[in-house]
Amino acid sequence: MIQFELNGRQVSTDDDPATPLLWVVRDTFKLKGSKFGCGAGLCGACTMHLDGQAVRTCITPISAVAGKSVTTIEGLGTPDNLHPLQAAWHDLSVPQCGYCQSGQIMSAAALLAQNPNPDEADVDTAMAGNICRCGCYPRIKKAIIETGARSLAYEAAAPAGLQRAAEEEQV
Ligand code: FES
Ligand code: FES
């Protein structure tokens, strides 16, 4: 039995320890937002966060996840409370077919957690492993940079009390 945290909830599974995390999330826990692309760690479609780091879950055995925290696209935001990246994705109509997009957003979210205001070169480096067959790269990059800029604008404009309230809400 392997236990871990999935989108803030403690879960356990008796799947074979060698089973890739992607299959466990999709088939055992029925969260279908993360996609199977290459199965070899090369395309990024399966990206989730493991203890806050973007990982390729098609090549991450469930045994490596024991006691750790996994976040999927379903845990990043909700339709009523979008993550800022999801809001930018919506505003800029980023996706075409959509297949790669949950992986793109999870990689972008990990980047912004490390670097809240990346420039184009930072984005190119961080997103190099996420492939989009529809070629949405310009809109993906724009959405990431705009999300960083929006966060800075909010911090600059918000009164200190409002910022404190927002921070406390996140705790
Ligand atoms: S499906 Fe995991 S990297 Fe392609
Ligand atoms: S939107 Fe179609 S593969 Fe990226």
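For the structure itself, look to the data block above.
What comes next is a walk through the structure. Treat the numbers as computed from the prediction; the structure is a model and nothing was measured.

Conventions adopted
Residues numbered from 1 in each chain as written. Chains lettered and ligands numbered in written order. Predicted model: local features only at pLDDT ≥ 70, side-chain atom pairs only at ≥ 80, totals over all residues. Pairing = 2+ DSSP bridges. Helix = DSSP H or I, 4+ residues; strand = E, 2+ residues; numbered from the N terminus. Axes fitted to C-alpha atoms, helices over the stretch in contact; angles between N-to-C directions. Contact = placed C-beta atoms within 7 Å. Parallel < 35°, antiparallel > 145°, perpendicular 65-115°, else oblique. Left-handed = near helix turned anticlockwise from the far one by under 90°. Nonpolar A, V, L, I, M, F, W, Y, C, P; charged D, E, K, R; others polar. Buried ≥ 20, exposed ≤ 12 C-beta atoms within 10 Å, placed from the backbone. Core = buried A, V, L, I, M, F, W, Y, C linked by C-beta atoms within 7 Å. Domains from an automatic or database assignment.

Strand order in the open sheet formed by 5 strands is β2-β1-β5-β3-β4, with mixed pairing between adjacent strands. At either end of the open sheet lies a strand with only one pairing partner, and these are β2 (9–13) and β4 (53–56). Adjacent strand axes in the sheet meet at a mean angle of 40 degrees when their direction is disregarded. Note that strand β3 (residues 47–50) and β4 share 4 bridges and pair antiparallel. Opposite His49, over in β4, you have Ala54 as the bridge partner. Helix α4 (residues 101–114) contacts β3 and β4 of the sheet and is inclined by roughly 35 degrees relative to β3.

For the pair helix α3 (residues 84–91) and α4, the least separation of the axes is 10 Å and the interaxial angle reads 130 degrees. Regarding the angle of α3 to α4, the classification is oblique. As α3 packs across α4, the resulting crossing turns out to be right-handed. When α3 is examined against α4, the residues Leu85, Gln86 and Trp89 are found in contact with a partner set consisting of Ile105, Ala108, Ala109 and Leu112. Here the contact of α3 with α4 is composed, by residue class, of 6 nonpolar, 1 polar and no charged.

The subject of this paragraph is helix α1 (residues 21–28). Of all the positions in α1, only Leu21, Leu22, Val24 and Val25 are classed as buried. Buried positions along α1 lie against β2, β3 and β5 (69–71). Where α1 terminates, the next one or two residues include Lys30, which has phi positive at roughly 60 degrees.

By the secondary structure assignment, Leu82 is in the loop between α2 (73–76) and α3. C-beta crowding within 10 Å serves as the criterion here: with 15 such atoms nearby, Leu82 is assigned to the partly exposed category. Apart from the residues within four sequence positions on either side, Leu82 is in contact with Gly77 and Ala87.

Further remarks concern unusual backbone geometry. Residue Asn7 is not a glycine yet carries a positive backbone phi of 50 degrees. Tracing the backbone shows Asn7 in the loop between β1 (2–6) and β2.

Time to look at the nonpolar core. Grouped together as the largest cluster of nonpolar side chains are 37 residues, with contacts concentrated most on Leu21, Leu85, Ile105, Ala108 and Ala109. Among the elements that line this core, the one with the most residues is α4, at 7 residues. Here this core spans two domains, since at least three of its residues come from each of domain 1 (2–76) and domain 2 (84–170). In this view, Leu21 contacts Met48, Thr57, Thr60, Ile62, Val65 and Val70; residues no more than four positions away in its chain are not counted.

For β2, a buried count of 0 out of 5 residues is recorded, marking the element as mostly open to its surroundings. In this sheet, β2 lies alongside β1 in antiparallel orientation, the contact comprising 5 bridges. Looking at the pairing, Glu5 lines up with Gln10 of β2. What sits between β1 and β2 in their antiparallel hairpin is a turn of 2 residues, with Asn7 showing a positive phi close to 50 degrees.

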